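# Coordinates in review
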Amino acid sequence: QVQLVESGGGLVQAGGSLRLSCAASGRYAMGWFRQAPGKEREFVAAVSWSGGSTVYEDSVKGRFTISRDNAKNTVYLQMNSLKPGDTAVYYCAASTRRGGDTRSRAVQYDSWGQGTQVTVSS
């Protein structure tokens, strides 16, 4: 069973930065999703199993960076220039299906973290 432990959320002012971490029990293709109150869960960013490929949702391109440290089985989401609209619970997800692609749909992931709150004040 895949174990995912997230950390790094918090409260930050608009324009500030946060870094989220997700420690996994193994090495998988990974993604970050978020869910704001009253909204559906949406894709944020994903990284391939090797770390060689990444993909981002349009609204975070140029502001967020996903990366991974395969020696630690940990994935990071560096979030810069945060906006109030980024406020949400952020979830990391793991896909155990083999393959070198990046995965941007929630149905492609079979394990989820507990979520970490990110709040951006104006």
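Presented here is an overview of the structure given in this document.

Thresholds applied
- Residues numbered from 1 in each chain as written.
- Predicted model: local features only at pLDDT ≥ 70, side-chain atom pairs only at ≥ 80, totals over all residues.
- Heavy atoms only, no water.
- Salt bridge = Lys/Arg side-chain N within 4 Å of Asp/Glu carboxyl O.
- Buried < 20%, exposed > 50% of the residue type's maximum accessible area, 1.4 Å probe, protein only.
- Helix = DSSP H or I, 4+ residues; strand = E, 2+ residues; numbered from the N terminus.
- Disulfide = S-S within 2.5 Å.
- Phe/Tyr/Trp six-rings, centres within 6.5 Å; stacked < 30°, edge-to-face > 60°.
- Lys NZ or Arg CZ within 6 Å of the ring centre and 35° of its normal.
- 1 Å grid on protein atoms, 1.4 Å probe; cavity = no way out; pocket = protein on both sides within 12 Å on 5 of 7 lines; lining within 4 Å.
- Points joined across faces, edges and corners; volume = space filled by probe spheres on them.
- Nonpolar A, V, L, I, M, F, W, Y, C, P; charged D, E, K, R; others polar.

This next bit is on the pattern of salt bridges. Per the counting criterion, the structure on display carries six salt bridges. Taking the shortest distance from any N to any O, the salt bridge between Glu42 and Arg34 comes out at 2.6 Å. Judged by its relative accessible area of 33%, Glu42 is partly exposed. Across the salt bridge formed by Arg63 and Asp86, the nearest N and O atoms sit 2.8 Å from each other. Of the two residues, Arg63 is situated in the loop between β6 (54-56) and β7 (64-69) and Asp86 in the loop between β8 (74-79) and β9 (88-95); the sequence distance between them amounts to 23 residues. Accessibility assignment for this pair places Arg63 and Asp86 in one class, buried. Here the salt bridges do not stand alone but share partners, grouping Arg34, Glu42, Arg63 and Asp86 into one network.

Summed over the entire model, instances satisfying the criterion amount to one disulfide. Cys22 shares a disulfide with Cys92; S-S distance 2.0 Å. On the sign convention where negative means left-handed, the S-S torsion of about 50° between Cys22 and Cys92 marks this disulfide as right-handed. Of the two residues, Cys22 sits in strand β3 (residues 18-24) while Cys92 sits in strand β9, which places them 70 residues apart along the sequence. Across the pair, exposure class does not vary: Cys22 and Cys92 are buried alike.

Right, let's get into unusual backbone geometry. Even without being glycine, Asn73 reaches a positive phi, approximately 50°. Examined against the element boundaries, Asn73 turns out to sit in the loop between β7 and β8.

To continue, consider the packing of aromatic side chains. Taken as a whole, this structure holds four aromatic pairs when the rule is applied. Grouped by ring-pair contacts, the aromatic residues Phe33, Phe43, Tyr109 and Trp112 constitute a single cluster. A cation sits over an aromatic face here: Arg27 above Trp49, 3.6 Å from the ring centre. Against the face of Tyr91 rests Arg41, its NZ or CZ located 3.9 Å from the ring centre.

All right, on to the layout of surface pockets then. The volume enclosed by the largest pocket comes to roughly 150 Å³. Lining the largest pocket are Arg27, Tyr28, Ala29, Trp49, Ser95, Thr96, Arg97, Arg98 and Gly99. In terms of residue class, the lining of the largest pocket is built from three nonpolar, three polar and three charged.

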